[in-house]
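# Fold and geometry: a report
Read off the chains here:
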Amino acid sequence: MSQYRVPVVWSPDTRLHDPGHEVWVGVTTAATEVAARVDVILETLRDAGHRLVEADGSGDEVLESVHDAGLLAFLRTAHERWLQGPYGDLVGQDRVVPYLFPTPAMTDGLPTRAAVTVHAEAGRYAYDTMTLVGPGTWRAARAAAGCASYAASLVGTGERTAYALCRPPGHHATRAGFGGSCYLNNAAVAAEALRRGGAAKVGIVDLDAHHGNGTAAVFYERGDVLYGSVHVDPGAGWFPHVVGYADETGSGDGQGATRNLPLPPGTGDEAWLGAVRDLAEWTSGSCDALVVSLGVDAARDDPESPLLVSQEGYRAAGSLLGGTGLPAVVVQEGGYHLPTLGGLVAAYLAGHAAG
Ligand code: SP5
Ligand code: ZN
């Protein structure tokens, strides 16, 4: 048991999202971002002596400042609209799945309109076919974002560290788009809430195995929120494929405020912790508060990434980031191996609290 009992901010509504399945390379595959993730994490952290706190349902104002109003309205209404359409009878599909993507490849400079059918409109906001919208998706995603902002408010009122059990995860969600199993960007909400709570500069350190393209994009041109990520090299063929390279360093006011540290598949504790140390030193130098995007899918047993980090590695990462002494909101991102998921999160928090 760690000496410092970290508040674990959670909401029962985060269980309501059931992706059902993913559509990947054109076929239906089993979803890995499942509601059972919430319960294994909750149970392990309770057993480790941490303090469970239910989110109070606030936070919509910060959410609206991070995300485009059109995206929020789409996520709120899409599943209901889908059920009113012919999709169930026609093809047996009860989840919202995009059908076409109105990227420049399609529109090529022509003036474009919003599509009137939900299956065609989905591709305006969804950027992949793996991130389906079901009946409880909006309520769960909104509750997850609420956990992030509530955890930030605890830190803003004197708590040294708070953990937000956000599910579905968030770091792939952009201002106006969703994908990568993410709908709303919980880490961006936490960072924005910390800023509003008085932190002049916030550092985000993203430990998820995948580059957090959504968070990176939200803050790419801002100097008041640093974004640093260690992740499997997208150039080696890993999600999100087209961004997350080391030469992306921010622009405008955000020049120098983004750092990407991609690692080759097969990387284990030593090199991964070297990158984490680098990001801990970078953020502790200039920031007043920290957001940790705690994906534990860099662990060796995880089915979604080829990194080989150990549970001890996650504990050590926690002590490096806890050792900065910065007030911190730790936000749950990915991590899909149910038998080890809780232990990885608990190890990180033990390290962070002791650090
Ligand atoms: C938050 C997070 O960790 N999102 C992960 C997004 C990466 N997903 C890439 C999926 C690649 C295909 N997975 C096939 C597994 C079968 N379900
Ligand atoms: Zn991930």
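All values reported here derive from a predicted model rather than from experimental measurement. (Residues numbered from 1 in each chain as written. Chains lettered and ligands numbered in written order. Predicted model: local features only at pLDDT ≥ 70, side-chain atom pairs only at ≥ 80, totals over all residues. Heavy atoms only, no water.)

### Notes on the coordination of the zinc ion (ligand 2)
- Distances from the zinc ion (ligand 2) to its protein donors, namely D208 (OD), H210 (ND1) and D297 (OD), fall within the range 2.0 to 2.1 Å.
- For the zinc ion (ligand 2), the 4 donor atoms in the first shell make angles of 95 to 134° at the metal, so the coordination geometry reads as tetrahedral.
- Each donor residue of the zinc ion (ligand 2) belongs to the same chain, with the gaps between them written as D-x1-H-x86-D. Here H210, found in the loop between β6 (202–206) and α9 (213–219), pairs with D297, found in the loop between β9 (289–294) and α11 (311–322); they are 87 residues apart in sequence, far enough to count as distant. Considered together, H210 and D297 belong to a single accessibility category, that of buried residues. (Donors = N, O, S within 2.8 Å, 3.2 Å for Na, K, Ca; no water. Tetrahedral: all angles 85-135°; square planar, octahedral: opposite > 155°, others 65-115°. Helix = DSSP H or I, 4+ residues; strand = E, 2+ residues; numbered from the N terminus. Buried < 20%, exposed > 50% of the residue type's maximum accessible area, 1.4 Å probe, protein only.)

### What to know about the pattern of salt bridges
- Summed over all chains, the structure comprises 15 salt bridges.
- E61 is paired through a salt bridge with R196; the nearest N and O atoms lie 3.7 Å apart. Of this pair, E61 sits in helix α2 (residues 60–66) while R196 sits in helix α8 (residues 186–196); the two residues are 135 residues apart in sequence, bridging distant segments of the chain.
- Salt bridges sharing common partners tie together E61, E192, R195, R196, R222 and D224. (Salt bridge = Lys/Arg side-chain N within 4 Å of Asp/Glu carboxyl O.)

### Let's talk about the nonpolar core
- In this structure, F74, L75, F178, L184, L194, V291 and V329 are the most contacted members of the largest nonpolar core, which totals 55 residues.
- By residue number, the principal contributor to this core is helix α7 (residues 137–156), which donates 11 residues.
- Beyond its immediate stretch of four places on either side in the chain, V329 contacts A148, A151, A152, V155, A162, A190, L194, L290, V291 and V292.
- One finds Y4, V8, L290 and V330 within the second-largest nonpolar core, a separate group that totals 48 residues. (Core = buried A, V, L, I, M, F, W, Y, C linked by side-chain atoms within 4.5 Å. Contact = heavy atoms within 4.5 Å.)

### Remarks on the layout of surface pockets
- Within this model, the largest pocket holds a volume of roughly 550 Å³.
- The wall of the largest pocket is formed by 27 residues, among which E22, W24, M130, F239 and E304 lie closest to the centre.
- Residues that form the lining of the largest pocket fall into these classes: 11 nonpolar, 11 polar and 5 charged. (1 Å grid on protein atoms, 1.4 Å probe; cavity = no way out; pocket = protein on both sides within 12 Å on 5 of 7 lines; lining within 4 Å. Points joined across faces, edges and corners; volume = space filled by probe spheres on them. Nonpolar A, V, L, I, M, F, W, Y, C, P; charged D, E, K, R; others polar.)

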